[in-house]
Amino acid sequence: MRCWCIKTSPNMLCHFCNNACVRKGWSKNTQKYRCKTCFKYQREQYVYSSRLITDQQIIQLTKEGCGIRSTGRILNISPTTVIKRILKIATHLTRSSPILFGQTYQVDELFTYIGNKNNRVCVADSLNPKTREVIDIVLGRRNKSNLKKIISTLVLSDAKQITTDKLNIYKELVPKELHSTKHRGINHIERQNLNLRTHLKRLNRRTICFSKSIRMLDAVLRIYFWFGAKTIL
Ligand SMILES: [Zn+2]
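I will try to describe carefully the structure that is included in this document. (Residues numbered from 1 in each chain as written. Predicted model: local features only at pLDDT ≥ 70, side-chain atom pairs only at ≥ 80, totals over all residues. Heavy atoms only, no water.)

So, about the coordination of the zinc ion. Note on the zinc ion: its protein donors are Cys14 (SG), Cys17 (SG), Cys35 (SG) and Cys38 (SG). The metal-donor distances range over 2.2 to 2.3 Å. Of note is the zinc ion, whose four donor atoms meet at the metal with angles of 101 to 123° in an arrangement that counts as tetrahedral. Taken in sequence order, the residues that donate to the zinc ion follow the motif C-x2-C-x17-C-x2-C. (Donors = N, O, S within 2.8 Å, 3.2 Å for Na, K, Ca; no water. Tetrahedral: all angles 85-135°; square planar, octahedral: opposite > 155°, others 65-115°.)

On to a positive patch on the surface, then. Together, Arg69, Arg73, Lys201 and Lys212 line one region of the surface with positive charge. Within the secondary structure layout, Arg69 lies in helix H2 (residues 68-75). Given a relative accessible area of 48%, Arg69 falls into the partly exposed group. (Patch = residues over 30% accessible without salt bridge, like charges linked within 9 Å, V, L, I, M, F, W, Y side chains within 5 Å. Areas by Shrake-Rupley, 256 points an atom, 1.4 Å probe, with all protein chains shown as cover. Salt bridge = Lys/Arg side-chain N within 4 Å of Asp/Glu carboxyl O. Lys, Arg positive; Asp, Glu negative; His and termini not counted. Charge placed at Lys NZ, Arg CZ, Asp CG, Glu CD. Helix = DSSP H or I, 4+ residues; strand = E, 2+ residues; numbered from the N terminus. Buried < 20%, exposed > 50% of the residue type's maximum accessible area, 1.4 Å probe, protein only.)

A word on the sheet that holds strand S8 (residues 161-163). If you trace the five strands from one edge of the open sheet to the other, you get S7-S6-S5-S8-S9, paired in mixed fashion. Among the strands making up the open sheet, the edge pair consists of strand S7 (133-140) and strand S9 (179-180). Bridge count for S8 against S9 is two bridges, and the pairing is parallel. Counterpart to Ile162 in the pairing with S9 is His179. Where helix H6 (residues 187-199) meets the sheet, it contacts strand S5 (104-113), strand S6 (120-128) and S7, and its direction lies at approximately 30° from that of S5. Across the face of the sheet, helix H7 (residues 214-226) comes into contact with S5, S6 and S7 while running at roughly 175° to S7. (Pairing = 2+ DSSP bridges. Contact = heavy atoms within 4.5 Å. Axes fitted to C-alpha atoms, helices over the stretch in contact; angles between N-to-C directions.)

Turning next to the packing of helix H1 (residues 55-63) against H2. One way to put it is that H1 packs onto H2 with a least axis distance of 10 Å and a crossing angle of 135°. Viewed along their axes, H1 and H2 adopt a mutual orientation that is oblique. When the axes of H1 and H2 are compared, the crossing they make is right-handed. Between H1, through Gln57, Ile58 and Leu61, and H2, the contact on the second element is made entirely by Thr71, Ile74 and Leu75. (Parallel < 35°, antiparallel > 145°, perpendicular 65-115°, else oblique. Left-handed = near helix turned anticlockwise from the far one by under 90°.)

See below:
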């Protein structure tokens, strides 16, 4: 006759709350356990060890321009895990240093696509050419409300000068005494946008590797710009 009493495994402790677990079912040939306190199912050892992959490894590959699937292949984890981890890293990510007062800034945009070539998206960013730090990124359409988000941050940080291209929207947004559209005034940010296009495959021209979602593009850009960024003073 089969015994129905619960057998507590003396060696198995819960991964979450460190209390004793009981044997509870099988998965193929592996014994499953359930915690007596928090009731979470778990196993003694996991074959699929995505837990061992550190955030640093994922960040390094993302910054080197590896896509989601190539990162998954290199680290031997699934693309879904890579997506989840990238989004998790990006949500907790903020600019490393505070915005300095009384600086000069450059603002520019670059275009890319999300999903297909009918869905064009503008990536607007602002740069402090002295510290080479990206102040803000805004994704979306190239319209007044989106560019205002970039400009208002700079105006509030008491900017000495804001250099842009000759787009008409900037004339309405930037105060006249701060605004400059001089020739070769946005060289630094233009160069940075070119670096972006070279380093990240999803921003390349004439490619089939465009991002599938704007959230993912935003997360990857935040990691690229702000994770471990060193400011030059
Ligand atoms: Zn537990």
